[in-house]
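Chain by chain, the residues:
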Amino acid sequence: VDAFQAWCGPCRAVVDLFRNMRNEVGSDLLRFAVAEVDSIDALEEHRGSCEPLFLLYAGGEQVASVRGANAPLLRKTILEQL
């Protein structure tokens, strides 16, 4: 989940990374979503930072997170969780 605030918008820099990874591993294993933290109470703790934040979930539970648009680290973290 690309967690963002309305005043800075979602991180478009990693859209291609997710698209390529989804083609690699299949859409059954990897899904991508964006969430505006200002409108979702469960993400309230992530408000107040313009730094990109990516939350990884498995089985409905958060299993990892990556701060910043660091594509190599994001890719590595996703593959480790898969």
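As shown above, the structure is provided for reference.
Residues numbered from 1 in each chain as written. Predicted model: local features only at pLDDT ≥ 70, side-chain atom pairs only at ≥ 80, totals over all residues. Heavy atoms only, no water.

S.K.: Lay out the pattern of salt bridges with the relevant residues and their values.
M.R.: The final tally for this structure, using the stated rule, is five salt bridges. For Arg 75, the salt bridge is made with Glu 24, and the minimal N-O distance between the two is 3.0 Å. Within this pair, whereas Arg 75 is found in helix 2 (residues 71–81), its partner Glu 24 is found in helix 1 (residues 15–25), the two being separated by 51 residues in sequence. Close ionic contact of Asp 41 with Arg 47 constitutes a salt bridge, the shortest N to O distance being 3.9 Å. Each member of the salt-bridge network shares a partner with another, and the members are Asp 41, Glu 44 and Arg 47. (Salt bridge = Lys/Arg side-chain N within 4 Å of Asp/Glu carboxyl O. Helix = DSSP H or I, 4+ residues; strand = E, 2+ residues; numbered from the N terminus.)

S.K.: Can you lay out the nonpolar core for me, pointing to particular residues and giving the numbers?
M.R.: Judged by nonpolar contacts, Cys 11, Val 14, Leu 17, Phe 18, Met 21, Leu 30, Phe 54, Leu 56, Ala 64, Val 66, Leu 74 and Ile 78 together constitute the single largest core of 12 residues. Where this core is concerned, the elements lending two or more residues are helix 1, strand 3 (53–58), strand 4 (61–67) and helix 2. Of all the elements, helix 1 adds the most residues to this core, at three residues. With residues near it in sequence (within four places) discarded, Leu 56 still touches Glu 61, Gln 62, Val 63, Ala 64, Thr 77, Ile 78 and Gln 81. Counting six residues, the second-largest nonpolar core is a separate cluster that includes Ala 35, Val 37, Leu 53 and Leu 55. (Core = buried A, V, L, I, M, F, W, Y, C linked by side-chain atoms within 4.5 Å. Buried < 20%, exposed > 50% of the residue type's maximum accessible area, 1.4 Å probe, protein only. Contact = heavy atoms within 4.5 Å.)

S.K.: Could you give me a rundown of a nonpolar patch on the surface, with the residues and numbers involved?
M.R.: Together, Leu 29, Leu 79 and Leu 82 line one region of the surface with nonpolar side chains, adding up to about 280 Å² of accessible area. Turning to its location among the elements, Leu 79 is positioned in helix 2. (Patch = residues over 30% accessible without salt bridge, like charges linked within 9 Å, V, L, I, M, F, W, Y side chains within 5 Å. Areas by Shrake-Rupley, 256 points an atom, 1.4 Å probe, with all protein chains shown as cover.)

S.K.: Outline helix 2, supporting the account with residue identities and numerical values.
M.R.: Residues of helix 2 that are buried include every one of Leu 74, Thr 77 and Ile 78, and no others. End-on, the buried residues of helix 2 take up no more than an arc of 100°, which puts them together on one face. Relative to its buried face, helix 2 has exposed residues pointing more than 90 degrees away, namely Pro 72 and Glu 80. Summarising the contacts, the buried residues of helix 2 are in contact with helix 1, strand 3 and strand 4. The distance from a side-chain oxygen at the start of helix 2 to the backbone nitrogen of Leu 73 is 3.1 Å, and the residue carrying that oxygen is Asn 70. (Arc of directions from axis to C-beta. Polar contact = N/O pair within 3.5 Å; in protein donor to acceptor, adjacent residues only side chain to side chain.)

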